[in-house]
Amino acid sequence: MSQNQAGAAGKFSATQAWGEMGEDATILIFGASGDLTARKLIPALYTLWKTDYLPKKSQIVGIARREKSDEEFRQEMFEAVRSASRTGEVTEENWAQFASRVHYRQVDITDATQYEKLKESLEKLEAAFELSGKRIVYMATAPKLFLPAVEALDTSGMIPCYDDENWMRVVFEKPFGHDLASAQSLSHSLSQHLHESQIYRIDHYLGKETVQNILLFRFGNSIFEPLLNRNHVDHIQITVAESQGMERGRGGYYDQSGALRDVMQNHVLQLLCLIAMEPPALFRGDDIRDEKMKVLQAMRPGDENDIDRWAVAGQYTAAETGEGEILIGYRQEDRIPEVSRRETYIALEAFVDNWRWAGVPFYLRTGKRLPARVSEISVQFKHPPMNLFTTVECEGDMCAMVEAKPNTLVFRIQPHEGIQLTCSTKRPGMQYQIHPVKMDFAYDEEFNTGLPEAYERLLLDVMRGDSTLFTRSDELEAAWRFVTPILEHLEERNEDPEFYPAGSWGPEAADQLLEKNGHHWRKPSVEL
Ligand code: BG6
């Protein structure tokens, strides 16, 4: 497809995005002084506005405990948007237009008595801007405030019935629970106040363009899908690697959470669902989520009495990088106890026990302070049934005849987003020698526009009431059901995790996890 065609097809208009509704909503951000609001939410709303996806009259209200005027809040957000915007320079003129719809209300959301005042103030604001009172509440707060805030919204009469035309949709950031029991209890308690259709549980990975493309690539082409099953696939690796350690101020949260809860339970398992699920009968939210749910239900962990055989938890230690930079260890990070046993890395071997995938290992890993920030899914196909061809490979003076490498299909989620297929071809010459080649599609070469940020897409979907890219309660519980025994095992065992030097690809025990099956982790390069 040429760039022009791609551009035309890729840009659907705001009217199409909104269907016939064209609705205006009041967007309330609870936790407006937090990092997420400044780094992700306001920049995403600004870009939606700039690209005409934000409904014309919508108003944005930041809500937090600190005293602040509208003007002070706008100024803080201006700085944030300037450093985060992906749509070019944020001019004073553009900002002034956008900022006129940004407001601030000082409310202690833990104090139920303050909601009456909030309600009155919102009604006044909505009347002034001729809004009908459709509201989105974004809970960008500490998770322990989710329930008290929803209870207080309800008590103050702010939650309309779910089928009322003046709807309220509530968005919850992760973590949603910290294990199966707490996630079930939170869902149950919220269901006393909100209908499931009003609840939007965010997993920002689902908003990434490349993640959405997994389904289109699989079910929009007929040549790959027949190969994605146990007859052709040897194993699948899913990697969410990060080079950063603890970002500023994050240690307190992370030490309660760890890699298993922070990324494996949500982002990695969602990627697994998308690569393993069956095609839905229709491309509709619940049909897709039903298929993802079946994958989670079919997931078989290893033996619960021998979790150490199929799960490896690691923690990074201080190390010097190749460039001479000293990286501190996890235990030296801000707000981390010196004796913390929290895992900053987790690798698992899992199986999806269904007709399509029985017997195919899925190797899953995520960690902090790995050599690069790379997220990808790699499907490794089986070797051809006979090795007719070999090639000579040399390392230094040592040369050997080696067989063809198996084909791999890699979905690169980030960075250098794209898809790559590796194949064997004949090396030109008088002999039959194998040469591996890569066929790839790179977003930045194919499309001349940047990729939308995950939060732009997800916020737009909340506004138009499309919950396809949000996690349903049964999905969430199934994911917790899978990881909870591992969490409990790590907590009961109460031993140091496997240590790995910061900047390496994780502990040796994680390599052994694959080597016992004759497999090896890919070492993804930052380039595709
Ligand atoms: C978040 C985790 O959900 O995902 C973070 O809490 C992690 O710890 C982040 O850094 C990774 O997201 P991304 O989009 O940078 O890959």
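Structure first, text after, so check above.
Residues numbered from 1 in each chain as written. Predicted model: local features only at pLDDT ≥ 70, side-chain atom pairs only at ≥ 80, totals over all residues. Heavy atoms only, no water.

### Description of the overall build of the protein chain
- A count of helices and strands for the protein chain gives 15 helices and 20 strands.
- Computed over C-alpha atoms, the radius of gyration of the protein chain comes to 25 Å, within 12% of the 24 Å expected from 2.2 N^0.38 for 528 residues, which places it in the range of a compact globule.
- The principal-axis extent of the C-alpha atoms belonging to the protein chain is close to 80 × 55 × 50 Å.
- When burial is assessed residue by residue, the protein chain has 53% of its 528 residues classed as buried.
- When the accessible surface of the protein chain is split by element, carbon and sulfur atoms take 50% of a total near 24600 Å².
- Across the protein chain, the 58 positively charged side chains and the 82 negatively charged ones have centroids separated by 2 Å. (Helix = DSSP H or I, 4+ residues; strand = E, 2+ residues; numbered from the N terminus. Rg over C-alpha atoms; globule rule 2.2 N^0.38 Å. Buried < 20%, exposed > 50% of the residue type's maximum accessible area, 1.4 Å probe, protein only. Areas by Shrake-Rupley, 256 points an atom, 1.4 Å probe, with all protein chains shown as cover. Lys, Arg positive; Asp, Glu negative; His and termini not counted. Charge placed at Lys NZ, Arg CZ, Asp CG, Glu CD.)

### As for the site of the ligand
- Around the ligand sit K174, H204, Y205, K208, E242, Q244, R250, D262, H267, K368, R373 and Q414, and that is every residue in its neighbourhood.
- Side-chain polar atom of K174 to an oxygen atom of the ligand: 2.8 Å apart, as the coordinates give it.
- When the residues that make up the shell around the ligand are grouped by side-chain class, the tally is one nonpolar, four polar and seven charged. (Near = heavy atom within 4 Å. Polar contact = N/O pair within 3.5 Å; in protein donor to acceptor, adjacent residues only side chain to side chain. Nonpolar A, V, L, I, M, F, W, Y, C, P; charged D, E, K, R; others polar.)

### Quick notes on the side chain of T484
- Along the polypeptide, T484 turns up in helix 14 (residues 473-493).
- For T484, a relative accessible area of 9% puts it in the buried group.
- Looking at T484, its side chain comes within polar contact range of the main-chain oxygen of W480, at 2.6 Å.
- Ignoring sequence-local partners within four residues, the contact set of T484 consists of D179 and L180. (Contact = heavy atoms within 4.5 Å.)

### A word on the sheet that holds strand 3 (residues 102-106)
- The parallel open sheet is built from six strands, whose spatial order is 3-2-1-4-5-6. On the outer flanks of this sheet lie strand 3 and strand 6 (199-201), each paired with one strand and no other. Direction aside, neighbouring strands of the sheet carry axes that sit 20° apart on average.
- Seen against the sheet, helix 6 (residues 115-128) touches strand 1 (26-30), strand 2 (59-64), strand 3 and strand 4 (135-139) and runs at an angle of roughly 150° to strand 1. (Pairing = 2+ DSSP bridges. Axes fitted to C-alpha atoms, helices over the stretch in contact; angles between N-to-C directions.)

### Comments concerning helix 9 (residues 209-219)
- With respect to burial, helix 9 is a largely interior element, eight of its eleven residues being buried.
- Within helix 9, burial applies to T210, V211, Q212, N213, I214, L215, F217 and R218.

### Focus on the pattern of salt bridges
- Throughout the structure, instances matching the rule amount to 37 salt bridges.
- The salt bridge partner of D496 is R341, with a shortest N-O separation of 3.0 Å. Here D496 is found in the loop between helix 14 and strand 20 (498-501), whereas its partner R341 is found in the loop between strand 11 (326-327) and strand 12 (345-352), with 155 residues between them in sequence.
- Among the charged side chains, a network of salt bridges with common partners joins D286, R289, D290, R472 and D474. (Salt bridge = Lys/Arg side-chain N within 4 Å of Asp/Glu carboxyl O.)

### A closer look at the packing of aromatic side chains
- Taken as a whole and judged by the stated rule, the model has 23 aromatic pairs.
- Each residue in the set Y46, W49, F78, W95 and F98 is aromatic and connected to the rest through ring pairs, giving one cluster.
- In this structure, R230 packs its charged tip against the face of W355, placed 5.7 Å from the ring centre. (Phe/Tyr/Trp six-rings, centres within 6.5 Å; stacked < 30°, edge-to-face > 60°. Lys NZ or Arg CZ within 6 Å of the ring centre and 35° of its normal.)

### Topic: unusual backbone geometry
- Residue K174 is joined to P175 through a cis peptide bond whose omega torsion reads 0°.
- With respect to the helices, strands and loops of the structure, P175 is situated in the loop between strand 5 (168-172) and helix 8 (180-191).
- The residue after Q414, namely P415, is reached through a cis peptide bond having omega -15°.
- Of note, P415 is situated in the loop between strand 17 (408-414) and strand 18 (418-426).
- With phi around 70°, R335 is a residue other than glycine that occupies positive phi space.
- Mapped onto the secondary structure, R335 falls in the loop between strand 11 and strand 12.
- One non-glycine residue, R369, lies in the positive phi region at around 55°.
- Mapped onto the fold, R369 is located in the loop between strand 13 (361-367) and strand 14 (374-381).
- You can call R369 buried: its relative accessible area is 17%.

### Description of the side chain of R342
- By the element assignment, R342 lies in the loop between strand 11 and strand 12.
- Exposure remark for R342: the relative accessible area of 16% places this residue in the buried category.
- Among the polar contacts listed, one links the side chain of R342 to the backbone oxygen of D255, at a separation of 2.7 Å.

### Looking at the state of the cysteines
- The final tally for this structure, using the stated rule, is one disulfide.
- With a sulfur-sulfur separation of 1.9 Å, C394 is cross-linked through a disulfide to C399. An S-S torsion of about 110° defines the bridge between C394 and C399 as right-handed.
- Judged by relative accessible area, which is 47%, C394 ranks as partly exposed. (Disulfide = S-S within 2.5 Å.)

### Side note on the environment of A347
- Position of A347 relative to the elements: it lies in strand 12.
- Given a relative accessible area of 0%, A347 falls into the buried group.
- Distance from A347 to I238, taken between C-alpha atoms, is 9.7 Å for residues 109 residues apart in sequence.
- Beyond its immediate stretch of four places on either side in the chain, A347 contacts W310, A311, V312, L364, R365, A510, L513 and W521.

### Some points on the pairing of strand 7 (residues 233-241)
- Burial runs high along strand 7: eight of the nine residues are buried.
- As paired elements, strand 7 and strand 14 share eight bridges and run antiparallel to each other. Of the residues in strand 14, the one forming a bridge with T239 is E376.

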